[in-house]
Amino acid sequence: MFQFVDSPGMTGHREPRYRVLGPLAVSSGDGTPVALRGDLQRRLVAALVLHVNRPLATDAVADLLWGDALPDDIAGAVQTHVSRLRRVLPPDSLVYGDGGYCLDVADDDLDSDQFDRMVTEGIQARRVRPEEAIEWFDAALALWRGSPYAEFVDWDAARAEASRLEELWLLANEERFDALLAVGRHEESLADLVSLAAEHPLRDRTRALLMTALYRAGRQPEALQAYEEHRRHLADELGLDPSPALRDLERSMLDHTLDVPRPREQSVGATASVLPNPATRLIGRDRLVGELREILRTARTVTITGPGGVGKTRLAVELAHAIDGESDDGDSGGSDGVDHFDHVAFCELAAVGRGDEVVPAVATTLGVESRSDIPIESRLVEALRGRRVLLVLDNCEHVIDAAANLVERIVTATTTVSILATSRERLAVSGEHVCAVEPLDDVLAGELFIERSRTVRPGFTPSEAEEADVLYICHQLDGLPLAIELAAARSQALSVREIADALSQRFRLLTGGRRTAERHRSLVETVRWSFDLLDDHEREVCEQLAVFSGGATVESVAGVTGLDRVAAADVIARLVERSLLTVSPDAQGATRFQMLETLRQYGIDRLAERDAVDTVRRAHARHFVRMASEHYAALRRPNDADRVFAAIDADIANLRAAHAWLVDRADADALAELSVSLFDFGFQAMRPEIFGWVEASLDVVAADDPRRAELLDSVCYGRWQFGDVDGAWAALREGLALAVPGTRAHRGLLAAHMNLEGRAGNLDVAIPLAIEAAALAAAAGDTVWFAVERFQELLVRGLAGDASAAEEAELWTIDAQSEGNPIVSCWARYAAGEVLADDDPERARRHIDAALELAEMSGCRFVKGVAGLTAASLEARNGDPRRAAVAYRELLDVWQIGSLGPVGVTIMRGVVEVLASLGDPETAAVLHGAVAVSNSSPAFGPDAYRQSALSRRLRRDLGEAAFEAAVERGGQLDDVELRELAAIALGRAGSDVDQHSHQRG
């Protein structure tokens, strides 16, 4: 607390060294004025004072000094000006640390801080010692020399602080006049009160003080005239009536019942706070307001929670006005609980610095005075007892314990008072109903952006391209209303596209918000408010969580932070409580914890400030490499295999981030391990992105490094799957030259070799390769790749006319089932269905149906796709071609053909057959032409005979010229056009089936 040498009204207290309550001035320790050289030095001092005792980053200093005209060497220019300023300031008062420059100012060195403390002391003293309070207010007001920060009006921060100080100056004057009236000094108050009321004609309290002073001076007609002038002014300017408190004051003057020493009554509601009036329309919360109104009919404590900037206060204000309107209308609502309120009071706690200030702040809001013989909390509860009051406590999070204690006391000691609180965490009191406010969805967020943009850019109507940018902006800003409003405010100077492009620097872009609430002046202030409420350990973990992408589990948080599972769960629970993490189940029902992108970016920035980004990202990457390796092993265990692909899917964003960091750091060991571990996922779960990662990893591993062979195994399959057969052969040859016999890479490359030979129709080469690859996989105990290679072996043997292949395949289905691994079983069932397809379609279909069910259960999308292709082919050749058309249409979605790979070519061959049989020879011929130009999967054996017969049929049906034209057109289509054409034709062909099914249903 600030200490004076003498009484506060004297001049013996220490003079401030930095003065901002008027023109900026600096003095030395002995009071000698310091000459500030030039505008830039004055701006630098002002910038540091505005962030006193807090580090101000170099970029922020540069922005404040030069705006858009930044020097080329920002850091050097800032350092030069800081060095010059250090020469004229006291030693060690301007320091660098925590990523920025900080002006170290003692409690009594800044006049605005002195002013804050003096006004606070005066307010506290006025309740019981009004004469002392007057001295405090006189001393505070004597510090003013003019408008604060007047020469820096081009800064948002300076304007906001000036606005705050000017509001505090008004409050100090009103509190001083209140104290003067309390001690009977109404005559000497009048002149200044008349002047203050004229300068601020909308302030109810100033008007009430003037009326009271006039009444006390025996000038009742003038007091009533002052009321009437105020009433007319409000009606003419705003269309409003005076507040209930002012109307009560006029009535007491008319009745001559005003016998209290000042115009503050001792009952709740007489001078309690007026509800804040929203300046804009609330968007996207109508349903929530209605739900909360209903909840408040029965629940006496309701807490609105959510992350910073989500709109808790705005929602509470809207709800308070709705309920206050019910009170004014006399609507008694339902019959249960506290369903009608005589008064709604709004208490803003953001400015309350300590827990012990909560009760006095609420008491002031409710117009409850303290007495020396009764604790203020007891006075507050007594004043509330028997009254129907809704008390809104806004921004409780930083004084959560004190707020919770007061709420508990009020609710248990009264029966008709209800509490509506807003907080970034729940109060955790008995009977509390928590309403977690979610961010806006993209559509509502877009509506908010457009409406707020129109306040600075009248008539703004986004074009179609701008609508897409608006949705992008809103999505990137997590649907947080505050962030969206700040972004919309930038549309005065920037286009929507420019705002979207600048979001990578969102904390610099999104500034200039409400000047009356420091934490809402910029996005970074809002987020910092949340982080600063955490203890050191919670803050450290929260910053570490920022490196996660796509959420985290307790296990992964423990793995990255080094905490044990219990400790990790404990700190995560506290972060969820504080609305810094959200909870959602993944596809398997496991709990995942998500961080909003805005919070994530702030956490990364904090890590960067302490040079810890690489350390945490390294821990993150290592953890997910280990996790991938564990999943690789689990895939080969019967009881775990069915959940592996879904588990990897859930963490694909984290794996992507880990891979990118490892490539950036050229960590060949970890990249090789990651590639091997994710190979099954990339191939069998059909996530070709994985093969793209491996391609990027090739640049890291040296050309003669044996570990490169492990990468080339994946690269070979990936290129083949994308239809780059030549590239697949190149990767195979390079890999075989590097691979050590008997290793995992060697086994995989043999299998890849077999696949390429088999798909090219070279069965005499493919068969021995398939047998060798299967034998090596079995010897290594790799059940999953034994299943793939056993399938390949049976398939190529069947294509070569080996009659025993079908019998062995059916026997294998029995052995595979006994293993209990659904992935192994789905490959076995698919093998049996494939080799039986031509000779026994009915038995083949039973095996294929089983394979599809097992593939769905295990997440093996590759088998789901290829077995689905076999099922469609069986339907086309042996059943209803229209149903086959429906099946092929669904296959296009399963495979999502982005390039016409081998399986895509095979699908298109089937589509050609179906369309030809259903009387669409022209489209069939176009697709046939597209397939003909692909060399990724040439037809051989029975497929080749069928394609040849189909070509002759189409040529006959269309005629030579039309057929050749259609084939030529098909050869010019790209893969996207080809897929769209096939989808339209199949949809048309299958519509009869859909219509028939609908009518039958």
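Just above sits the structure.
What counts, and where the lines are drawn
Residues numbered from 1 in each chain as written. Predicted model: local features only at pLDDT ≥ 70, side-chain atom pairs only at ≥ 80, totals over all residues. Heavy atoms only, no water. Axes fitted to C-alpha atoms, helices over the stretch in contact; angles between N-to-C directions. Helix = DSSP H or I, 4+ residues; strand = E, 2+ residues; numbered from the N terminus. Parallel < 35°, antiparallel > 145°, perpendicular 65-115°, else oblique. Left-handed = near helix turned anticlockwise from the far one by under 90°. Contact = heavy atoms within 4.5 Å. Salt bridge = Lys/Arg side-chain N within 4 Å of Asp/Glu carboxyl O. Buried < 20%, exposed > 50% of the residue type's maximum accessible area, 1.4 Å probe, protein only. Pairing = 2+ DSSP bridges. Nonpolar A, V, L, I, M, F, W, Y, C, P; charged D, E, K, R; others polar. Patch = residues over 30% accessible without salt bridge, like charges linked within 9 Å, V, L, I, M, F, W, Y side chains within 5 Å. Areas by Shrake-Rupley, 256 points an atom, 1.4 Å probe, with all protein chains shown as cover. Expected span 1.5 Å × (residues − 1). Core = buried A, V, L, I, M, F, W, Y, C linked by side-chain atoms within 4.5 Å. Phe/Tyr/Trp six-rings, centres within 6.5 Å; stacked < 30°, edge-to-face > 60°. Lys NZ or Arg CZ within 6 Å of the ring centre and 35° of its normal.

Engineer: Give a detailed account of the packing of helix α6 (residues 156-182) against helix α8 (residues 204-216), specifying residues and quantitative values.
Structural biologist: Contact geometry of α6 with α8 gives a least axis separation of 10 Å together with a crossing angle of 25°. One finds that α6 runs roughly parallel with respect to α8. In this structure, the crossing between α6 and α8 has a hand that is left-handed. Between α6 and α8, the contacting residues are L171, E174, E175, F177, D178 and L181 on the first element and R205, T206, L209, T212 and A213 on the second.

Engineer: Which residues make up the pattern of salt bridges, and what values go with them?
Structural biologist: What the rule picks out here adds up to 69 salt bridges. The partner of R687 in a salt bridge is E689, with the nearest N and O atoms 3.8 Å apart. The class of E689 is partly exposed, set by a relative accessible area of 26%. A network of salt bridges, in which partner residues are shared, links R281, E447, E451, R452 and E485.

Engineer: Lay out the pairing of strand β5 (residues 100-103) with the relevant residues and their values.
Structural biologist: Pairing analysis gives two bridges linking strand β3 (residues 56-57) to β5, with the strands arranged antiparallel. Considered in β5, the bridge of L56 is made with Y101. Pairing between strand β4 (residues 94-97) and β5: four bridges, direction antiparallel. If you follow G97 over to β5, its bridge partner there is G100.

Engineer: How would you explain the packing of helix α13 (residues 358-365) against helix α14 (residues 376-384) if you had to name every residue and give the values?
Structural biologist: Between α13 and α14, whose axes approach to 10 Å, the crossing angle comes to 35°. Crossing angle aside, the handedness with which α13 passes α14 is left-handed. Residue-level contacts link V359, V362 and A363 of α13 to I376, E377 and L380 of α14. A per-class count over the contact of α13 with α14 returns five nonpolar, no polar and one charged.

Engineer: I'd like to hear about a nonpolar patch on the surface, residue by residue, with values.
Structural biologist: Taken together, the side chains of L202, L238 and L240 make up a nonpolar region of the molecular surface, amounting to roughly 260 Å² of accessible area. Tracing the chain through its elements places L202 in the loop between α7 (186-199) and α8. For L202, a relative accessible area of 44% gives the class partly exposed.

Engineer: Describe the side chain of T923, listing the residues and the values that go with them.
Structural biologist: By the element assignment, T923 lies in helix α42 (residues 921-932). Overall, the relative accessible area of 11% leaves T923 in the buried class. Each residue touching T923, except ones within four places of it in the same chain, is listed here: L915, L981, A985 and R988.

Engineer: Tell me about the sheet that holds β3, residues and numbers included.
Structural biologist: Sheet strands line up and pair through hydrogen bonds in the backbone, either parallel or antiparallel. Spatially, three strands are ordered β3-β5-β4 in an open sheet, and the strand pairing comes out antiparallel. Bordering the open sheet on either side are β3 and β4, each of which pairs with just one other strand.

Engineer: Before we move on, can you summarise helix α28 (residues 652-664) with the specific residues and values?
Structural biologist: The end-to-end C-alpha distance of α28, which contains 13 residues, comes to 18 Å, matching closely the 18 Å that a straight helix rising 1.5 Å per residue would cover. All buried positions along α28 are accounted for by I652, A653, N654, L655, A657, A658, H659, W661 and L662. At the C-terminal side of α28, A666 shows a positive phi close to 55°.

Engineer: Residue-level account of the sheet that holds strand β7 (residues 343-348), with values.
Structural biologist: As summarised here, the arrangement of the five strands in space is β7-β8-β9-β6-β10, forming an open sheet in which the pairing is parallel. Of all the strands in the sheet, just β7 and β10 (432-436) have a single pairing partner and so form its edges. Direction aside, the axes of adjacent strands within the sheet are offset by 15° on average. Docked against the sheet, α13 engages β7 and β8 (389-394), running at close to 140° with respect to β7.

Engineer: Quick rundown of the nonpolar core? Include the residues and the values.
Structural biologist: Soluble globular proteins tend to bury their nonpolar side chains together. Judged by nonpolar contacts, the single largest core of 204 residues is most densely connected at F449, F683 and W827. A total of ten residues in this core trace back to one element, the largest contributor, which is helix α37 (residues 822-836). Setting aside its immediate chain neighbours within four residues, W827 contacts F683, Q684, A787, V788, F791, W812, C860, F862 and V863. In this structure, A46, L56, I134 and L196 belong to the second largest nonpolar core, which totals 74 residues.

Engineer: Could you give an account of the packing of aromatic side chains, naming the residues involved and the relevant values?
Structural biologist: Following the criterion strictly, the structure yields 19 aromatic pairs and no others. Ring centres of F679 and F683 lie 6.3 Å apart, and the angle between their planes is 20°; this geometry places the pair in the stacked category. Of the two residues, F679 and F683 are both situated in helix α29 (residues 668-684); the distance of four residues between them amounts to about one turn of the helix. Under the relative-accessibility criterion, F683 is labelled buried at 2%. Measuring from ring centre to ring centre gives 5.3 Å for F679 and W785, while their planes differ by 45°; the resulting arrangement is tilted. Of this pair, F679 sits in helix α29 while W785 sits in helix α35 (residues 783-799), placing them 106 residues apart in sequence. An identical accessibility class is assigned to F679 and W785; each is buried. Here R636 stacks its cationic end above the ring of Y632, 3.8 Å away from the centre of that ring. Looking at R744, its charged tip hangs above the ring of F679, at a distance of 5.6 Å from the centre.

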